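Fold and contact review
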Amino acid sequence: MDSHFMKEALAEAQKAFELDEVPIGAVVVKDGEIIGRGHNLRERKKDPTLHAEIIAIRQAAAALGGWRLTDCDLYVTIEPCPMCAGAILQARIRRLVFGARDPKAGCAGSLYNLLEDQRFNHRTEVTEGVMKDSCALIIREYFRQKRNKYV
């Protein structure tokens, strides 16, 4: 089941790729149904908060009519940054599933594990590595194309 929803997150990442955004995608799932989708839009909208996870969380909250997403799981192609990990905690997301690690900004195990820190009043279960090769490939291809464009 995790790979099914990760494929949906990858479809969102592809949308970002096609918009010349860093290709990260996310979906929020409740009871086996996607209630929020997002892909990076920060370049297009000139807004540093428009990460895939934030957009998907906002959609899910709107769909449920409240900010508590306690029975929801978030699938994202890349390990969340500090801002997104904080939003995941604030939304009370039950479980995070991500594909590839982000060694430069990841806060679900790479640099820090914000989501399972016992000092917070909420913790989010973390599952990593789902379709990690596909999730890493789309990012690598995006930046390869960017480098080749300027060479």
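Above: the structure in question.
An account of the accompanying structure is given in this report. (Residues numbered from 1 in each chain as written. Predicted model: local features only at pLDDT ≥ 70, side-chain atom pairs only at ≥ 80, totals over all residues. Heavy atoms only, no water.)

Some points on the environment of V28
- Relative to the helices and strands, V28 is located in strand β1 (residues 25-30).
- Relative accessible area serves as the criterion here: at 0%, V28 is assigned to the buried category.
- Each C-alpha atom, one on V28 and one on L69, is 9.1 Å from the other, the two residues being 41 residues apart in sequence.
- Among residues more than four places away in sequence, those in contact with V28 are E33, I34, I35, G36, A56, I57, A60, C72, D73 and L74. (Helix = DSSP H or I, 4+ residues; strand = E, 2+ residues; numbered from the N terminus. Buried < 20%, exposed > 50% of the residue type's maximum accessible area, 1.4 Å probe, protein only. Contact = heavy atoms within 4.5 Å.)

So, the nonpolar core
- In this structure, V28, I57, L96 and L115 are the most contacted members of the largest nonpolar core, which totals 47 residues.
- Those elements that provide at least two residues to this core are α1 (2-18), β1, α3 (52-64), β3 (72-78), α4 (82-90), β4 (95-100) and α5 (132-149).
- Discounting residues that sit within four places of it in the chain, L96 has contacts with L74, V76, P80, I88, A108, L115, T124, E125, V126 and T127. (Core = buried A, V, L, I, M, F, W, Y, C linked by side-chain atoms within 4.5 Å.)

Section: the pattern of salt bridges
- According to the stated counting rule, one finds 12 salt bridges in the structure shown.
- Salt-bridge contacts for R37 lead to E12; the nearest nitrogen and oxygen are separated by 3.4 Å. Within this pair, whereas R37 is found in strand β2 (residues 33-39), its partner E12 is found in helix α1, the two being separated by 25 residues in sequence.
- Classification of R37 by relative accessible area gives partly exposed; the value is 29%.
- Here E128 and R101 are joined by a salt bridge, their closest N and O atoms 2.8 Å apart. Here R101 lies in the loop between β4 and β5 (125-128) and E128 lies in strand β5, a separation of 27 residues in the sequence. (Salt bridge = Lys/Arg side-chain N within 4 Å of Asp/Glu carboxyl O.)

Structural notes on the packing of α1 against α5
- One way to put it is that α1 packs onto α5 with a least axis distance of 10 Å and a crossing angle of 5°. One way to sum up the angle between α1 and α5 is to call them roughly parallel. Contacts between α1 and α5 involve M6, L10, A13, Q14 and F17 from the first element and S134, C135, I138, E141, Y142 and Q145 from the second.
- For the contact of α1 with α5, a count of residues per class yields seven nonpolar, three polar and one charged. (Axes fitted to C-alpha atoms, helices over the stretch in contact; angles between N-to-C directions. Parallel < 35°, antiparallel > 145°, perpendicular 65-115°, else oblique. Nonpolar A, V, L, I, M, F, W, Y, C, P; charged D, E, K, R; others polar.)

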